Amino acid sequence: QVQFVESGGGLVQPGGSLRLSCAASGSNGRLDAVGWYRQAPGRQHEFVASINSGGATNYAPSVKGRFTISRDNSKDTVYLQMNNLNTEDTAAYYCNLPWSAVAGQNWGQGTQVTVSS
């Protein structure tokens, strides 16, 4: 089973930037589409962005133009570059296989992003 470890979160002021990393393990060369999701306290997981093995991307309207998802050459690590952050971006951020996310399964520990002045 593919497992993910998220990192790179932290505290940032409004207008600042962060880059999140998602390291996959157990993909055995099978890692295809990967998505970033976020969850604010008391709220459901929200889709943020996704990227498939060919590099095609998809973004939630709320982050389009501010966030960029990418993956490395080996396709075992996915990144989320977040620019011009605002307080509404405050959440725990997770990466997951899209089909697992839809099923509400395979959520890891996530990485906390807090945007505050």
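Above this text you will find the structure in question.
Residues numbered from 1 in each chain as written. Predicted model: local features only at pLDDT ≥ 70, side-chain atom pairs only at ≥ 80, totals over all residues. Heavy atoms only, no water.

Asker: Quick rundown of the nonpolar core? Include the residues and the values.
Answerer: Judged by nonpolar contacts, the single largest core of 29 residues is most densely connected at Phe4, Trp36, Leu80, Met82 and Tyr93. Those elements that place two or more of their residues in this core are strand 3 (18-25), strand 4 (34-39), strand 5 (46-51), strand 7 (67-71), strand 8 (77-82), strand 9 (91-96) and strand 10 (111-115). Residue contributions to this core peak at four residues, all from strand 3. In contact with Tyr93, not counting residues within four places along its chain, are Glu6, Leu20, Trp36, Tyr37, Arg38, Val48, Phe67, Leu80, Met82, Gly110, Thr111 and Val113. (Core = buried A, V, L, I, M, F, W, Y, C linked by side-chain atoms within 4.5 Å. Buried < 20%, exposed > 50% of the residue type's maximum accessible area, 1.4 Å probe, protein only. Helix = DSSP H or I, 4+ residues; strand = E, 2+ residues; numbered from the N terminus. Contact = heavy atoms within 4.5 Å.)

Asker: If you had to explain the sheet that holds strand 8 to someone new, which residues and values would you point to?
Answerer: The four strands lie next to each other as 1-3-8-7, forming an open sheet whose pairing is antiparallel. Lying at the two open borders of the sheet, with one neighbouring strand each, are strand 1 (3-7) and strand 7. Between one strand axis and the next, the sheet turns by 15° as a mean value, whatever way the strands run. Relative to strand 8, strand 3 runs antiparallel, the two being bridged by six bridges. Opposite Leu18, over in strand 8, you have Met82 as the bridge partner. (Pairing = 2+ DSSP bridges. Axes fitted to C-alpha atoms, helices over the stretch in contact; angles between N-to-C directions.)

Asker: Outline the sheet that holds strand 9, supporting the account with residue identities and numerical values.
Answerer: Across the sheet, six strands lie side by side as 2-10-9-4-5-6; this open sheet has mixed pairing. Because the sheet does not close on itself, it has two edges, and the strands there are strand 2 (10-12) and strand 6 (57-59). On average, adjacent strands in this sheet sit at an angle of 25° to one another, irrespective of strand direction. Relative to strand 10, strand 2 runs parallel, the two sharing three bridges.

The values are spatial; any link to function lies outside them.
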